[in-house]
Structures are given as structure tokens and as C-alpha cells.
Amino acid sequence: MNRLHPAAAVVATAVALLVPLPAAQAASSAHAADDVEFHYGAPEISEAGDHVTWHWYITDRGAKAAHKVVLTHTIEPNLAITSVSGPCTVDRARAVVKCIWDQLSAGQSADGAIGAELPEDLSGSAHIKGRVTWQESPSGASSAQ
């Protein structure tokens, strides 16, 4: 039996962003916004309706390696995060998960999952939204791992 209120929904959104870097780094770090992409699969809700799992996927679609890649997931409302996979850490107080890679090579992909408890009194919707930031390979550096 699904415990979610009839009006409750579980949603996933994704946004790929290039965060502006300090001027000293910006000259060698200009990336098109679509070089590192990520998305969420459809949320999976347990049969009992008390748990949701979001699967995420990230790929470096650029011609060079992306360095200092940070994929930040934010869950609203603040749900109890029960599991994460990949190179991820959890800030449970803020319902934020950060996945960090030193480097993603051109064409390299990674994936993982985030699980959270859905409280019995949840009404409205639960959202996960994401943001990815990275830096381009330093000048003259190889993009191979």
C-alpha cells in the first residue's frame, strides 16, 4: 500500500552549470555548459511508499578531461538520507549529497544512487535537484587518466 498522500509527488530535476572561476583560472578553464552532463532516472518508490531512490548519471562529453568535478544533490524537503553510492558524502542536516571526482576523462561516465525515507505525513512533493561544477584540464596537461 502506498503511504504517500494522494497529492504527494516525487520529482527529480538536473542542471549542469559551469561556476565562474577566479580570474587566474578562468583563462584556461572556459567550458561550454554541455561538456559535463548529468541527469536523474525516474524515482523509484518502495511498495510500502516509505522510501525513494534516485539514480543519477554523469558523463564528461567534452574533448578534454574535466577536473575538480563536484556533483551536488539537494533534496527538498529535508528527508532522512539512508544511502548513497559513488564517491559521495552526505550532509544530513541539510539533505545535501556531494559527489567529487579529481578528474573525469573525456567520454568517462559514472553513476550512483541516493536513497531517502519518505515520512508518513509527507504532503506535496519531494524534489531532488542537482548542480555540477568543474574545471577544464590545465594547459598542456593530458586528459588521460
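Numbers given for residues are sequential positions, taken from 1 along each chain in its written order. Residues qualify for local features only when their pLDDT is at least 70, as the model is predicted, and side-chain atom pairs are given and counted only at 80 or more; totals for whole chains, interfaces and linings, by contrast, use all residues. Only hydrogens and water are set aside; all other atoms, that is, all heavy atoms of the structure, feed into the side-chain values.

1. Some details on the overall build of the chain
Working step 1: Looking only at helices and strands, the chain features 1 helix and 10 strands.
Working step 2: Along the chain, from the amino end to the carboxyl end, the secondary structure elements read β-α-β-β-β-β-β-β-β-β-β.
Working step 3: Counting every position in the chain, which comprises 145 residues, the buried fraction comes to 39%.
Working step 4: Pairs at least 24 residues apart make up 77% of the contacts formed inside the chain by residues separated by at least 6 positions. Comment: elements are numbered from the N terminus, with helices defined as DSSP H or I runs of at least four residues and strands as E runs of at least two. Relative accessible area decides the class of each residue, using a 1.4 Å probe on protein chains only: under 20% of the type maximum gives buried, over 50% gives exposed, and in between gives partly exposed. A contact between two residues is defined here by any heavy atoms of the two lying within 4.5 Å.

2. With respect to the state of the cysteines
Working step 1: The disulfide definition used here is simple: a pair of cysteine sulfur atoms within 2.5 Å. What the rule picks out here adds up to 1 disulfide.
Working step 2: Shown here is the disulfide that connects Cys88 with Cys99, its sulfur atoms set 2.1 Å apart. On the sign convention where negative means left-handed, the S-S torsion of about 100° between Cys88 and Cys99 marks this disulfide as right-handed. Taken together, the residues span a long stretch of sequence, with Cys88 in strand β7 (residues 88-91) and Cys99 in strand β8 (residues 96-104) at a distance of 11 residues.
Working step 3: Residue Cys88 is classed as buried on the basis of its relative accessible area of 13%.
Working step 4: For Cys99, a relative accessible area of 0% corresponds to the buried category.

3. Some remarks on the nonpolar core
Working step 1: Ranked by size, the top nonpolar core spans 28 residues in total, and within it Trp56, Ile58 and Trp101 carry the most contacts.
Working step 2: Looking at this core, the elements with two or more residues in it are β2 (36-40), β4 (51-60), β5 (66-76), β8, β9 (109-117) and β10 (125-136).
Working step 3: What Ile58 contacts, discounting residues up to four positions off in sequence, is Val36, Glu37, Phe38, Val69, Leu71, Trp101, Leu104, Gln108, Ser109, Ala110 and Val132. Here, nonpolar core means buried Ala, Val, Leu, Ile, Met, Phe, Trp, Tyr and Cys residues that are tied together by side-chain atoms lying within 4.5 Å of each other.

4. Quick word on unusual backbone geometry
Working step 1: Of note, the amide linkage connecting Glu76 to Pro77 takes the cis form, showing an omega dihedral of -5°.
Working step 2: Note on placement: Pro77 falls in the loop between β5 and β6 (81-84).
Working step 3: Backbone geometry at Lys68 places phi at a positive 50°, although glycine is not the residue there.
Working step 4: Tracing the backbone through its elements, the reader meets Lys68 in strand β5.
Working step 5: Notably, Ala95 is not glycine yet its phi reads approximately 55°, a positive angle.
Working step 6: Relative to the helices and strands, Ala95 is located in the loop between β7 and β8.

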